[in-house]
Each structure stands twice: as structure tokens, then as C-alpha cells.
Amino acid sequence: MSQLKNDRYLRALQCLPVDYTPVWMMRQAGRYLPEYRQLRSKAGDFMTMCQTPELACEVTLQPLQRFELDAAIIFSDILTIPDAMGLGLYFESGEGPKFKKSISCISDIEQLPIPDPEQSLKYVMDAIRLTKKELNGKVPLIGFSGSPWTLATYMIEGGSSKAFTKIKKMLYSEPKALHQLLEKLANSIALYLNAQIQAGAQSIMIFDTWGGVLSHQSYQTFSLDYMQQILSQLKQGKKSQDITSYIPVTLFTKGGGIWLDRIINTGCDAVGVDWTVNLSQITQKGKIAVQGNLDPSVLYARKQTIESNVEAVLNEYGYHNGHVFNLGHGIHQDIPVENVQHLIEAVHRLSKRFHHD
Ligand code: 1CP
């Protein structure tokens, strides 16, 4: 028997029956929560929060104290790997992530180390170990990483970007160099995610936030193939009576709705989809799990509108197993907390009729 008190999320990821649709939110621990802002100002900066296991644990648990969420996601960031590779991650207030060093040529790439997750990223593993203990089986804990392509965008652009001109220039003029970087990142990510599994992560999510800016050919060779390579290296365990003996993997490419069939073919357990996808058009429902896909801006609306949009997503998914309710992307920082309460409550209440457990 599994020691989990709430295993809906893991059951849905294995397309098993549940009593209602499990729900969690991307960026559920974050600035829309007053207790997060308070802890963040006490800690001084974001990286201190990530690198102090007690703080990372506390922040991970904050949304679970308020809402009946069906999963926790470890508080960290996708940019921990480039930081551990020596690029020097920092955050300028209001400006998002930046790197002291960026990558511009093959010799920069050759010099990058593959981080040992129990050395330079030990703080993430310690945060997972501590959080797992504190959760005490309340809900499953999700571990995560960025995709190689998405991490490469930050490393080459030197921070956030809108047009991705530097990395696209490298893609078309120095494709071999870019492949070398992506290969190194894929190997680093596989080690990192296996270490997270070893430390106690019960499900894995790969965020390919910027895969959707690629052409359809480039998406395959510069993003999806590397995610598939990671998948093939992950120690997922085996499915058994004990739901926790298997570690499901979710691939989320923002803007990747047009490539869903290809994503599903990688052998992942679940696809994350943004709000541009009509869930009723996904043909493999019940065979592969689907995570999504409420437009996060719906949470600005009044209670009734939130409810009708939740209902629409549930209806589109229909009576199949394998739905994990989520937003189509991260929650915005100025969303009223009570609207999140409405959302979670509405998903649980309205989804019951789609399940007969
Ligand atoms: O307090 C602050 O000012 C920092 C804001 C913040 C937060 C709350 C950042 C900086 N990262 C995080 C946490 C975070 N990031 C989590 C925590 C777990 C959760 O509750 O979900 C996760 C899963 C991430 C992942 C992440 N970081 C992604 C992928 C998911 C996504 O939203 O697309 C990306 C692209 C990042 C980079 C990043 N880190 C932080 C910011 C503001 C950004 C985005 C910058 C950009 O738009 O390019």
C-alpha cells in the first residue's frame, strides 16, 4: 500500500480512476501569496530562498496550507542548472533572471561543466528531502527541470528574451555548437532529475516554456529529441499496486499544442497543454494523461466566470481518466487569493460527475 494520503494526482497520471479531478497550479508558491512576499522580503532575495532548504520547504508548503491542492511542487527554479554551470544567476528587481556570463561560442560551451547534483545542486536535493518529510504523505511532491532548449535560451540570451535572436542566430549559423550545448544540458538534466527522484520526488515535470518559438522542424531536432533523450535516461521505476513505485513524467511545451502527437510519441506519461488547446480534440485521452489548461487570466474574473471556465475545461476533457487540472501557464502575481480558493473548490466540486469511483 502507498503511504500517500492523497494519491489522486499520481493515479490520474497513470490514467487510473479517481473520485474527482486532481488540481495543482504552475507557480502555486509565489508572489500572489502575501506570506510568500513576507518571507521573500525577510530572506532578502529569491536565490537565498531557493538555496536555504528550510525556506524552500516553507514556501513549497504555503499554498497547501491555504488550498486543497492535490500536489506540491518543490520551490526552486529551472535556472539552477545554468547557475551550477558557473554562469552566475541573479535577479534584478522587476526585471527577471539575468546571468553574469552568457554563452556565445563553442569554446564557452566546451568549458561548461556537467554539475554533480549532490554537490553544486545539493541544496535542491536537501530541500526535496526536507519537504518530503514535512509533507508526511499529505500529497505527492513534484520535482522539475527546464528543457535543454529552454535553458539554452536563457544561457545564450543572458536572461529573459522576447525575440530569441541570439539563440536563433546560433541555431541557423552554428547548429553544431548549439547541439553540443543541448547535449550537455540533456545529460546534466538527466542526472539532476534522477537525483531529485532519489531524494524523494514522486513525479517529474519538464518545462519547455520556449519550445513554442521554434519552427516545426527545429522543434523536433532542437527541443523534443533532447527531452526524449532525457526520458530514456530517467529511473522511473515500475508500475505496481503501490502507486508510488513509478515516477510519471510530464512534458510541457508552451505553444506546443500543434505538436501534441509528436510529444505523446516520446513515451512521456503526460502532456502539459496551454489554453490554446481544445481538450476535446485530443484523441488519446485515457491512454496518456493530460495536464491543463485554464487560461491563468481567468483568475482575474468574478467567481461565476471562474466557475464557468472550469466547467468548460472539464467538459472538454469529458469522462476519460487521466486529467490533471492546471492552468495553461504560471499564475500571475496579482491574482486575488480568494479567486484561487474558488478555482480549487470549483474543480473538486464540478469534476465529481465526470468520475465514478
Ligand atoms: O519572487 C520572485 O521575484 C521570483 C519569482 C520566481 C518564482 C516564484 C522565479 C523567478 N521563479 C519562481 C519559482 C519557480 N519557477 C517555480 C516554483 C514552483 C512552483 O510553485 O511552481 C517553478 C516551477 C519555476 C520554473 C520556471 N522558472 C520556469 C518554467 C515555468 C514557467 O513559468 O514557464 C521559467 C521559464 C523560469 C524562469 C524564471 N524564474 C523566475 C522568473 C520570473 C522566470 C521567468 C522569466 C521569463 O519570463 O523569462
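Residues numbered from 1 in each chain as written. Predicted model: local features only at pLDDT ≥ 70, side-chain atom pairs only at ≥ 80, totals over all residues. Heavy atoms only, no water.

1. Some remarks on helix 4 (residues 53-66)
Our working rule: Per the convention used, a helix needs a DSSP run of H or I reaching at least four residues, while a strand needs a run of E reaching at least two, with both numbered from the N terminus. By this rule, a helix spans an expected 1.5 Å times one less than how many residues it contains. Using a 1.4 Å probe on the protein chains alone, a residue whose accessible area is under 20% of its type maximum counts as buried, one over 50% counts as exposed, and one in between counts as partly exposed. The contact rule is simple, with two residues in contact once any of their heavy atoms fall within 4.5 Å.
The terminal C-alpha atoms of helix 4, which comprises 14 residues, lie 21 Å apart, in line with the 20 Å expected from a rise of 1.5 Å per residue. Within helix 4, 10 of the 14 residues are buried, which leaves it mostly tucked inside the rest of the structure. All of the buried residues in helix 4 are Pro53, Leu55, Ala56, Cys57, Val59, Thr60, Leu61, Gln62, Pro63 and Leu64. Taken together, the buried residues of helix 4 touch helix 2 (34-43), helix 3 (46-51), strand 1 (72-73), helix 7 (122-135) and strand 4 (141-146).

2. Brief notes about unusual backbone geometry
Going from Gly292 to Asn293, the amide bond is cis rather than trans, its omega being -5°. With respect to the element layout, Asn293 can be found in strand 8 (residues 289-294). Backbone geometry places Arg27, a non-glycine residue, at a positive phi of 60°. Mapped onto the elements, Arg27 comes out in the loop between helix 1 (8-13) and helix 2. When its relative accessible area of 58% is taken as the criterion, Arg27 is described as exposed. With a phi angle near 55°, Phe164 is a residue other than glycine that sits in the positive phi range.

3. Looking at the site of the ligand
Stated formally: A single heavy atom is enough: if one lies within 4 Å of a molecule or strand, its residue is considered near that molecule or strand. Here a polar contact is recorded for every N or O atom pair within 3.5 Å, except that within protein the pair must consist of a potential hydrogen donor and a potential acceptor, and residues adjacent in sequence are included only if both atoms are side-chain atoms. Side-chain classes follow a simple rule in which Ala, Val, Leu, Ile, Met, Phe, Trp, Tyr, Cys and Pro form the nonpolar group, Asp, Glu, Lys and Arg form the charged group, and the remainder, Gly included, forms the polar group.
Near the ligand lie 23 residues; those nearest to it are Arg27, Tyr36, Arg40, Tyr154 and His329. Within the side chain of Arg31, an N or O atom sits 3.3 Å from an oxygen atom of the ligand. One nitrogen or oxygen atom from the side chain of Ser160 is found 2.8 Å from an oxygen atom belonging to the ligand. Across the shell around the ligand, the residue classes tally to 14 nonpolar, five polar and four charged.

4. Looking at the pairing of strand 8
Threshold: Strand pairing is assigned whenever DSSP identifies at least 2 bridges connecting the two strands. The handedness rule is simple: strands pointing away from the viewer, and a clockwise path from the first strand over the helix to the second, make the crossover right-handed.
Most of strand 8 sits out of view: six of its six residues are buried. The pairing of strand 7 (residues 270-272) with strand 8 spans three bridges and is parallel. Looking at strand 8, one finds that Ala270 is bridged to Ala289. Judged from the five bridges that link them, strand 8 and strand 9 (residues 323-327) form a sheet pairing that is parallel. Directly across from Leu294, in strand 9, lies its bridge partner Leu327. Read from strand 8 through helix 13 (residues 303-317) to strand 9, the crossover connection turns out right-handed.

5. Digging into the nonpolar core
Threshold: Only buried Ala, Val, Leu, Ile, Met, Phe, Trp, Tyr and Cys residues count toward a nonpolar core, and they belong to the same one when joined by side-chain atoms within 4.5 Å.
In this structure, Leu178, Leu181 and Leu343 are the most contacted members of the largest nonpolar core, which totals 132 residues. The contacts of Leu181, once residues within four sequence positions are left out, are Ile103, Ile109, Leu112, Ala152, Met155 and Ile156.

6. Some words on the pattern of salt bridges
Note the following rule: For this document, the term salt bridge refers to a Lys or Arg side-chain nitrogen within 4 Å of an Asp or Glu carboxyl oxygen.
Scanning all chains against the criterion turns up 10 salt bridges. The shortest N-O distance in the salt bridge between Glu307 and Arg349 comes to 3.2 Å. Taken together, the residues span a long stretch of sequence, with Glu307 in helix 13 and Arg349 in helix 14 (residues 337-351) at a distance of 42 residues. Residue class for Glu307 comes out partly exposed when judged on its relative accessible area of 25%.

7. Some thoughts on the sheet that holds strand 8
Taken in spatial order, the seven strands line up as 1-4-5-6-7-8-9 in an open sheet, and their pairing is parallel. Sheet topology places strand 1 and strand 9 at the edges, where each strand pairs with a single neighbour.

8. Thoughts on the packing of helix 9 (residues 165-173) against helix 10 (residues 175-199)
Keep this limit in mind: As a rule, the C-alpha atoms of each element are fitted with a line to give its axis, helices using only the stretch in contact, and angles between N-to-C directions run from 0 to 180 degrees. Orientation labels follow simple angle bins: below 35 degrees gives roughly parallel, above 145 gives roughly antiparallel, 65 to 115 gives roughly perpendicular, and whatever is left gives oblique.
At a minimum axis separation of 5 Å, helix 9 and helix 10 run at an interaxial angle of 115°. Put simply, helix 9 runs roughly perpendicular to helix 10. When helix 9 is examined against helix 10, the residues Ile167, Met170, Leu171, Tyr172 and Ser173 are found in contact with a partner set consisting of Pro175, Ala177 and Leu178. Across the contact of helix 9 with helix 10, the residue classes break down as seven nonpolar, one polar and no charged.

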